[in-house]
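What follows is the residue order along each chain.
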Amino acid sequence: MLSIKNLHASIEGKEILKGINLEVKPGEVHAIMGPNGSGKSTLASVLAGREDYEVSSGEISFNGKDLLELEADERAKEGVFLAFQYPIEIPGVTTTNFMKTALNKIREHKGLEPLDAVSFLGMMKEKMKLVEIDQALLSRSLNEGFSGGEKKRNEIFQMAMLEPTLSILDETDSGLDIDALRIVANGVNKLKNDDNATIVVTHYQRLLDYIVPDFVHVLFNGKIVKTGGKELAHELEAKGYDWIKEEASIA
Amino acid sequence: MSKDDQILEEFASKEYEHGWTVDFEADSAPPGLNEDIVRFISAKKEEPEWLLEWRLKAYRNWRKMTEPKWANVHYPKPDFENIIYYSAPKPKDKPKSLDEVDPEMRKTFERLGISLTEQKRLTGVAVDAVMDSVSVGTTFKKQLAELGIIFCSFSEAVKEHPELVKKYIGSVVPSNDNFYAALNSAVFSDGSFCYIPKGVRCPVELSTYFRINAANTGQFERTLIVAEDDSYVSYLEGCTAPMRDENQLHAAVVEIYAAKNAEVKYSTVQNWYPGDKNGKGGIYNFVTKRGICAGDYAKISWTQVETGSAVTWKYPSCILKGDYSQGEFYSVAVTNNMQQADTGTKMIHIGKNTKSRIVSKGVSGGKSQNSYRGLVEIHKRAENSRNFSQCDSLLMGDKCGAHTFPYIEIKNKSSQVEHEATTSKIGEDQIFYCQQRGIDEESAVALIVNGYCKEVLNNLPMEFAVEAQKLLALTLEGSVG
């Protein structure tokens with residue numbers, strides 16, 4: 001589904017990603033871990049198509065399409081979803097209206113008619129249950145005055161509504177208490193199926209107790225320096241990142 | 001230029017979509033203005049002697065006046081001797097029903113998305129269509145007449161209800177009020193007249209669409225709305241103008257009279273041609289709009305969405321004379337390219353316990369200049385009066401300007417006045433967030449601007465919201481959830 005080859009990316013002249021290789025197949029959950037500043041969030045942003053980053057070399061192919069050729073909104077229409085680490089506030093625009101606009105843009109791209117009000121409302125009700133989100137929250141201005149937990153739940157709600165094929169969760173666990181973490185993780189797990197894939201970007205192993213990855217990749221200094229199964233996350237939790245850094249510097 | 005600036009530039013520099021002209025055989029006065037032209041107009045309209053005298057008095061005053069210079073706008077002075085002050089489309093006979101309306105004219109309305117028949121059938125809005133100063137179709141008149149409501153063109157009102165026109169014309173905006181009001185009083189061509197009798201609640205939204213048509217023609221509309229005791233009316237006015245090269249002067253006057261416990265809601269969407277990217281052409285919109293809450297507990301509410309004109313100079317105001325009377329002003333003013341807008345309101349508190357509320361949202365893009373100018377004046381005997389003002393500015397890109405000029409004059413210690421102002425920029429983060437959800441850049445900007453203006457747009461009647469949507473390329477909130 002997703003194939004990243006030798007990806008190099010920089011921001012303001014500073015190279016952050018220095019040759020990333022990654023293969024993601026349908027039905028898989030990949031965790032990207034690593035110390036602060038290793039390039040995790042940069043990878044998420046580059047995949048989503050953020051303009052601030054410049055890709056100097058490498059390829060990203062997504063379901064046969066060259067992702068780097070597509071604008072951010074075109075990538076979203078193709079099924080790439082980024083759950084933001086810091087969701088953005090848009091005053092005066094309710095989550096409901098935001099989702100209605102987004103969903104109909106995606107449907108238009110797929111050659112489908114816009115969803116009528118009744119079907120849209122029905123769909124919302126169903127997806128709201130997944131992340132235990134309150135209707136009242138969805139009628140408020142997007143992310144404005146939301147608590148940290150509400151913002152993250154709202155991200156997962158949007159993910160549920162848009163039904164992406166590739167979801168990238170950027171530090172979704174940051175700022176969540178244990179209950180909120182469980183709710184968010186439950187939502188993600190329920191959305192998982194054989195046709196979609198998830199990339200979980202996280203600093204801590206905690207989230208991976210709930211969203212169990214098939215692969216764990218350790219990103220250090222702009223490269224994936226180690227790949228393993230879910231047990232690698234536990235090892236990192238127990239031993240920290242220092243041994244990885246040492247291994248990487250030896251190699 | 002960054003990507004973000006490019007998006008904003010493209011959005012801001014979109015070509016005017018309603019640009020075309022319809023070729024009517026114009027029945028026009030020669031260019032220029034003198035007493036003979038005033039007499040010509042009055043004679044064309046078969047007006048009574050008193051109205052001609054009223055016009056002439058205004059004309060003589062106007063000759064002595066000079067153009068106002070205090071607004072934050074810059075433009076070449078119109079050549080008043082080169083303007084055609086009267087032109088009318090030439091129908092063979094006066095249309096008796098919609099079916100008799102010139103098909104070409106109706107096509108024009110349809111292209112604007114304003115089909116009279118659709119309006120009539122779907123929304124229940126009675127439409128009095130004014131094109132180039134002569135009314136061509138009036139609907140729902142009979143139904144309204146049964147309630148005693150008068151809704152007709154100004155010229156018709158002069159013929160059918162001279163006593164009402166005579167009583168109220170110039171009572172809110174005196175003919176010598178200002179340069180452009182005086183000019184309008186001298187040469188006004190037509191407009192709308194609306195009278196709601198005592199105790200009547202007007203069951204439909206009254207609506208008039210204005211449109212400038214023949215080339216080089218000044219548009220001098222005049223609207224008079226009178227709401228007697230305990231009555232209610234919601235009045236809508238909207239306009240789009242065809243593209244042209246020469247500046248056109250538009251100097252309208254709107255007067256609203258609200259008696260005891262009457263409520264008048266006046267909404268407008270203004271989309272006069274703003275000129276091209278370089279500021280060439282475009283309408284000069286110098287309008288005087290004022291309402292008086294003459295009786296106790298009266299209420300006047302102005303809602304405006306201003307997207308057009310090269311230069312706008314417009315301050316819909318409320319004189320709160322009656323005790324406990326209320327004035328409201330909700331405004332969205334969008335300027336792009338080289339547009340200049342100096343708009344706002346005046347709230348004059350004279351009666352006791354009067355209240356006013358001002359919500360102004362300015363959006364500036366391109367190299368435009370957008371100014372809010374507002375006066376809150378509380379007189380000595382206006383005890384316990386209150387005002388709340390909120391003036392927000394949104395900037396798109398870094399070449400435009402937003403200005404706020406609040407004037408507050410309080411002569412009464414028991415009164416309370418609040419003023420809040422903010423300035424913000426559309427964020428790159430906001431646009432990226434929208435894009436990441438599948439919303440393209442242009443729609444993202446529209447969505448964000450729409451959200452920003454929501455408080456004002458929500459005040460528009462539903463029927464009119466559609467027009468506002470089209471003009472702002474925005475989607476209104478709240479259809480679901």
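Please read all numbers here as calculations on a predicted model, not as lab measurements.

K.L.:
Teacher, can you tell me more about the nonpolar core here?
P.N.:
Membership of the largest hydrophobic core comes to 106 residues, with the highest contact counts inside it found for Leu2, Ile4, Leu47, Phe98, Phe157, Ile168 and Ile199 of chain A. Considering every element that reaches this core, the biggest residue donor is helix α11 (residues 441–457) of chain B, with nine residues. Residues within four places of phenylalanine 157 of chain A in sequence aside, it is in contact with Thr95, Met99, Met124, Lys127, Met128, Val131, Ile133 and Leu138 of chain A.

K.L.:
I'm lost on the interface of chain B and chain A in this one. Help?
P.N.:
A common way to express how large an interface is: the accessible area buried when the components associate. With 27 residues of chain B at the interface, the matching set in chain A holds 41 residues. Between chain B and chain A, a total of about 2700 Å² is buried, with carbon and sulfur atoms accounting for 59% of that surface. For the interface between chain B and chain A, the tally reads three salt bridges. A salt bridge links glutamate 155 of chain A to arginine 437 of chain B, with the shortest nitrogen-to-oxygen separation between them at 2.6 Å. Where chain B touches chain A, the interface holds 13 residue pairs in polar contact (both at pLDDT 80 or more). When residues of the side of chain B that touches chain A are traced back to their parent elements, those giving at least two are α10 (428–436) and α11 of chain B.

K.L.:
Even after reading the chapter, I still don't get the sheet that holds strand β9 (residues 166–170) of chain A, so can you show me in this structure?
P.N.:
Hydrogen bonds between backbone groups are what pair the strands of a sheet, and the pairing can be parallel or antiparallel. Residues and elements named next belong to chain A. Taken in spatial order, the six strands of this open sheet run β6-β9-β10-β3-β11-β12, and their pairing is mixed. Each of the sheet's edge strands pairs with one partner strand only, and the pair in question is β6 (80–83) and β12 (223–228). Neighbouring strand axes in the sheet, compared pairwise and without regard to direction, differ in orientation by 20° on average. Bridging between strand β3 (residues 29–33) and strand β11 (residues 215–220) involves four bridges; their strand directions are parallel. Pairing of isoleucine 32 across the sheet is with histidine 217, part of β11.

K.L.:
Is there a simple way to think about the packing of helix α2 (residues 35–44) of chain B against helix α3 (residues 49–64) of chain B in this case?
P.N.:
Two measures define how a pair of helices packs: the angle their axes make with one another and the distance between the axes. Residue and element names in this part refer to chain B. Following both chains from N to C, one finds α2 and α3 inclined at 150°, their axes separated by 10 Å at the closest point. Comparing their axes, α3 and α2 come out roughly antiparallel. Relative to α3, the crossing made by α2 is right-handed. Counting all contacts with α2, which are made through Glu35, Val38, Arg39, Ile41 and Ser42, the residues of α3 involved are Leu52, Arg55, Leu56, Tyr59 and Arg60. Tallied by class, the residues present in the contact of α2 with α3 amount to five nonpolar, one polar and four charged.

K.L.:
How do you make sense of the environment of tyrosine 235 of chain B when you look at a structure like this?
P.N.:
All names here are of chain B. Turning to its location among the elements, tyrosine 235 is positioned in strand β9 (residues 232–240). Assessed through its relative accessible area of 0%, tyrosine 235 is described here as buried. Each C-alpha atom, one on tyrosine 235 and one on isoleucine 37, is 32 Å from the other, the two residues being 198 residues apart in sequence. For tyrosine 235, the side chain forms a polar contact with the side chain of serine 192, separated by 3.4 Å.

K.L.:
Is there a simple way to explain the packing of aromatic side chains in this structure?
P.N.:
Where two aromatic rings form a pair, the distance of their centres and the angle of their planes describe that pair. One pass over the full model with this rule turns up 25 aromatic pairs over all chains. Chaining the aromatic ring pairs together yields one cluster made of Tyr59, Trp62, Trp70, Tyr75, Phe80, Phe179, Tyr180, Tyr284, Phe286, Trp313 and Tyr315 of chain B. Against the face of tryptophan 243 of chain A rests lysine 239 of chain A, its NZ or CZ located 4.2 Å from the ring centre. Over the face of the ring belonging to tyrosine 452 of chain B we find lysine 361 of chain B, whose NZ or CZ atom lies 5.1 Å from the ring centre.

K.L.:
Teacher, can you tell me more about the sheet that holds strand β5 (residues 65–66) of chain A here?
P.N.:
All names here are of chain A. Taken in spatial order, the four strands of this open sheet run β2-β1-β4-β5, and their pairing is antiparallel. For this open sheet the edge positions go to β2 (14–24) and β5, each flanked by a neighbour on one side alone. Where strand β4 (residues 54–62) lies against β5, two bridges are found, and the strand directions are antiparallel. Following the sheet pairing, phenylalanine 62 is matched in β5 by lysine 65. Along the sheet, helix α1 (residues 40–48) contacts β1 (2–11), β2 and β4; its crossing angle with β1, the most-contacted strand, is approximately 110°.

K.L.:
Help me understand unusual backbone geometry in this model?
P.N.:
With the exception of glycine, most residues fall at negative phi, and the peptide bonds are largely trans. Residues and elements named next belong to chain B. We note that asparagine 261 has phi near 60°; this positive angle belongs to a residue other than glycine. Considering the arrangement of structural elements, one finds asparagine 261 in the loop between β11 (253–258) and β12 (263–271). Using a relative accessible area of 40% as the deciding quantity, one classes asparagine 261 as partly exposed. In the Ramachandran plot, tyrosine 324 falls in the positive-phi region, its phi being about 60° despite a non-glycine side chain. In this fold, tyrosine 324 is placed in the loop between β16 (317–320) and β17 (326–335). With a relative accessible area of 41%, tyrosine 324 lands in the partly exposed category.

K.L.:
What am I meant to see in the side chain of serine 415 of chain B here?
P.N.:
Tracing the chain through its elements places serine 415 of chain B in the loop between β22 (401–410) and β23 (416–425). Taking the relative accessible area as the measure of exposure, serine 415 of chain B reaches 15% and is therefore buried.

K.L.:
I tried to follow the pairing of β1 of chain A on my own but got confused; where do I start?
P.N.:
Sheet faces and side chains relate simply in a regular strand, where the side chains alternate between the two faces. Residue and element names in this part refer to chain A. With seven of ten residues buried, β1 lies mostly within the body of the structure. As defined by bridge partners, β1 adjoins β4 across seven bridges and the pair is classed as antiparallel. The residue of β4 that forms the bridge with lysine 5 is glutamate 59. For β1 and β2, the ladder comprises eight bridges, and the chain directions are antiparallel. Paired with histidine 8 across the two strands is lysine 18, which belongs to β2. Taking the residues between adjacent antiparallel strands as the criterion, β1 and β2 are bridged by two residues, where glutamate 12 takes a positive phi near 45°.

Calculation criteria
- Residues numbered from 1 in each chain as written.
- Chains lettered and ligands numbered in written order.
- Predicted model: local features only at pLDDT ≥ 70, side-chain atom pairs only at ≥ 80, totals over all residues.
- Heavy atoms only, no water.
- Core = buried A, V, L, I, M, F, W, Y, C linked by side-chain atoms within 4.5 Å.
- Buried < 20%, exposed > 50% of the residue type's maximum accessible area, 1.4 Å probe, protein only.
- Helix = DSSP H or I, 4+ residues; strand = E, 2+ residues; numbered from the N terminus.
- Contact = heavy atoms within 4.5 Å.
- Buried area = accessible area lost by both parts, 1.4 Å probe.
- Salt bridge = Lys/Arg side-chain N within 4 Å of Asp/Glu carboxyl O.
- Polar contact = N/O pair within 3.5 Å; in protein donor to acceptor, adjacent residues only side chain to side chain.
- Pairing = 2+ DSSP bridges.
- Axes fitted to C-alpha atoms, helices over the stretch in contact; angles between N-to-C directions.
- Parallel < 35°, antiparallel > 145°, perpendicular 65-115°, else oblique.
- Left-handed = near helix turned anticlockwise from the far one by under 90°.
- Nonpolar A, V, L, I, M, F, W, Y, C, P; charged D, E, K, R; others polar.
- Phe/Tyr/Trp six-rings, centres within 6.5 Å; stacked < 30°, edge-to-face > 60°.
- Lys NZ or Arg CZ within 6 Å of the ring centre and 35° of its normal.

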